[in-house]
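Residue-level structure breakdown
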Amino acid sequence: MSRIYQAVTTGVHFGTPTRVESELALFLVNCFDSIEMIRFVNSGSEATIAALRAVRAFTGRSGVVKFLGGYHGWDEAMLSGSPYAAPHVEGHTYLAKYNDLEGTRNILAENYENIAAIIVEPVAGNMGVISPRPDFLPGLRALCDEFGALLVFDEVMTGFRVAYAGAQSRYGIRPDITCLGKIIGGGLPIGAYGGNSSIMSVMAPLGSTYQGGTYSGNPLSATAGLATLHFLDQDQGYWKRLEEKAKTLCSELTSIANRFGIPTYAEVIGGMFTFYFLENQPIDYASVQEANVKYFAKFFQGMLEAGVYWPPSQFEAAHMSLAHNDSDLELTIKAAYSVFANW
Ligand SMILES: *Cc1c(COP(=O)(O)O)cnc(C)c1O
């Protein structure tokens with residue numbers, strides 16, 4: 001906060017690049033092996049829209065493969081397959097199932113001349129948390145290489161959460177383009193996309209594909225983002241502590257639920273987790289749909305009455321914070337106990 005107050009006094013907007021914007025760019029380029037060049041926008045949605053412009057311009061192809069239940073912002077093409085899509089303008093989006101390499105391969109094999117990229121949340125977070133099977137992300141990398149498509153990792157949520165340098169460092173995969181947002185703005189609006197410089201160079205002013213924004217890389221967002229990332233940089237293993245705390249909480253919750261005969265399954269990756277009213281580990285959009293949403297609603301209401309505000313949907317990820325301490329976790333476990341005991 002103090003860094004934001006300080007930044008306000010030196011001017012909130014100039015309409016031209018500032019030193020702090022370059023510092024944040026440099027920080028991210030150093031942090032992510034796959035990012036050689038980066039551009040800022042104002043939200044995660046803008047980041048994926050711009051990334052898709054870049055991959056289309058670079059490949060000369062217009063189609064994009066996305067996974068059912070994946071969220072990449074409100075762009076029409078990216079809402080394809082969700083209840084929020086406007087069907088008449090969805091074209092050019094091919095829908096695959098998360099964790100289904102064979103189905104994805106079939107789509108590419110049949111349509112590769114039209115497919116610019118595969119875009120994926122490397123750990124799914126917007127249909128509830130789903131972990132990639134061990135062969136899934138390496139398989140997507142190989143499919144892209146085989147069919148001349150680019151691999152876009154949407155790390156807007158997973159960046160600095162499932163590992164310091166995102167899912168790509170955790171799983172050792174090099175995407176062509178990475179989308180970032182959320183945490184890199186330290187609470188203020190931001191988005192970014194970056195990657196291989198030969199691809200990023202298609203964007204103006206180096207190339208002829210236009211993308212811009214009045215507030216892109218504004219000094220307040222860049223200041224807040226840089227302060228947050230510098231803080232995380234001091235102890236790059238912080239996400240392991242988040243994962244440990246989330247695992248502890250989830251194993252307590254599942255064992256309480258089981259004691260009262262309610263089947264649950266918890267998925268935890270880094271600070272991201274979902275407590276599912278499901279018996280088995282979900283692998284894709286269809287399998288999370290089997291969750292008992294009536295039970296979830298009952299759990300949510302009960303927790304709220306007991307003073308714990310859980311994410312308000314079964315299909316939304318919960319996030320452990322460095323600020324959550326032992327007594328917060330104890331309070332949550334006690335609340336869950338009272339909810340399940342009075343089921
Ligand atoms: C939140 C999110 C977005 C959209 O970001 P906004 O800043 O809300 O536009 C895109 N992709 C993923 C994976 C997200 O979690």
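Here the structure is a predicted model, which is why all the values come from computation and not from measurement.

**Digging into the overall build of the chain**
- Counting its secondary structure elements, the chain contains 12 helices and 10 strands.
- Its C-alpha radius of gyration of 21 Å places the chain within 12% of the 20 Å reference for a compact globule of 343 residues.
- Projected onto its principal axes, the C-alpha positions of the chain cover 65 × 55 × 35 Å.
- For the chain, the residues scored as buried account for 53% of the 343 residues in total.
- Only carbon and sulfur atoms are counted for the fraction: they give 53% of the accessible area of the chain, which is about 15,200 Å².
- Both charge centroids of the chain, one from 23 positive and one from 33 negative side chains, sit 2 Å from each other.

**Re unusual backbone geometry**
- Cis peptide bonds are those with omega within 30 degrees of zero, and the linkage from Ala-204 to Pro-205 qualifies with 10°.
- As for its placement among the helices and strands, Pro-205 is situated in the loop between helix H7 (197-200) and helix H8 (219-233).
- In this structure, Phe-160 takes a positive phi of about 65° despite not being glycine.
- Here Phe-160 is to be found in the loop between strand E5 (150-154) and helix H6 (166-171).

**Considering the environment of Ser-43**
- Looking at the element boundaries, Ser-43 is found in the loop between strand E1 (37-41) and helix H3 (44-59).
- Put simply, Ser-43 and Thr-18 are 25 residues apart on the chain and 19 Å apart in space, counted from C-alpha to C-alpha.
- Setting aside chain neighbours within four positions, we find Ser-43 in contact with Ile-190 and Gly-191.

**Some remarks on the state of the cysteines**
- For the coordinates displayed, the defined rule picks out zero disulfides.
- As a non-bridged cysteine, Cys-31 has Cys-179 as the owner of its nearest cysteine sulfur, 16 Å distant.
- Residue classification places Cys-31 among the buried residues on the basis of a relative accessible area of 14%.
- Among the cysteines around Cys-144, which has no disulfide bond, Cys-179 carries the closest sulfur, lying 14 Å off.
- For Cys-144, a relative accessible area of 1% puts it in the buried group.

**A few points about the site of the ligand**
- The environment of the ligand is formed by Ser-43, Gly-44, Ser-45, Tyr-71, His-72, Gly-73, Glu-121, Asn-126, Asp-154, Val-156, Met-157 and Lys-182.
- Interatomic distance of 2.8 Å between a backbone N/O atom of Gly-44 and an oxygen atom of the ligand.
- Ser-45 is positioned with one of its side-chain polar atoms (N or O) 2.7 Å from an oxygen atom of the ligand.
- Taken by itself the ligand offers 380 Å² of open surface, and the protein chains cover 84% of this.
- Counted by class, the shell around the ligand contains three nonpolar, six polar and three charged residues.

**Some points on the sheet that holds strand E10 (residues 318-319)**
- Strand order in this open sheet of three strands is E8-E9-E10, and the pairing throughout is antiparallel. Only two strands of the sheet have a single partner each, and these edge strands are strand E8 (265-269) and E10.
- Pairing of strand E9 (residues 272-276) with E10 involves two bridges; the strand directions are antiparallel. When the sheet's bridge partners are listed, Phe-273 is paired in E10 with Ala-318.

**Structural notes on the sheet that holds strand E3 (residues 93-96)**
- Pairing is mixed in the open sheet, where seven strands are placed in the order E1-E7-E6-E5-E4-E2-E3. Strand pairing shows two members of the sheet lacking a second neighbour, E1 and E3, which therefore form its edges. Pairwise comparison of adjacent strand axes, ignoring direction, gives a mean angle of 20° for this sheet.
- Sheet topology note: the E1/strand E7 (residues 191-195) ladder contains five bridges and is antiparallel. Opposite Phe-40, over in E7, you have Ala-192 as the bridge partner.

Parameters and conventions
- Residues numbered from 1 in each chain as written.
- Predicted model: local features only at pLDDT ≥ 70, side-chain atom pairs only at ≥ 80, totals over all residues.
- Heavy atoms only, no water.
- Helix = DSSP H or I, 4+ residues; strand = E, 2+ residues; numbered from the N terminus.
- Rg over C-alpha atoms; globule rule 2.2 N^0.38 Å.
- Buried < 20%, exposed > 50% of the residue type's maximum accessible area, 1.4 Å probe, protein only.
- Areas by Shrake-Rupley, 256 points an atom, 1.4 Å probe, with all protein chains shown as cover.
- Lys, Arg positive; Asp, Glu negative; His and termini not counted.
- Charge placed at Lys NZ, Arg CZ, Asp CG, Glu CD.
- Contact = heavy atoms within 4.5 Å.
- Disulfide = S-S within 2.5 Å.
- Near = heavy atom within 4 Å.
- Polar contact = N/O pair within 3.5 Å; in protein donor to acceptor, adjacent residues only side chain to side chain.
- Nonpolar A, V, L, I, M, F, W, Y, C, P; charged D, E, K, R; others polar.
- Pairing = 2+ DSSP bridges.
- Axes fitted to C-alpha atoms, helices over the stretch in contact; angles between N-to-C directions.

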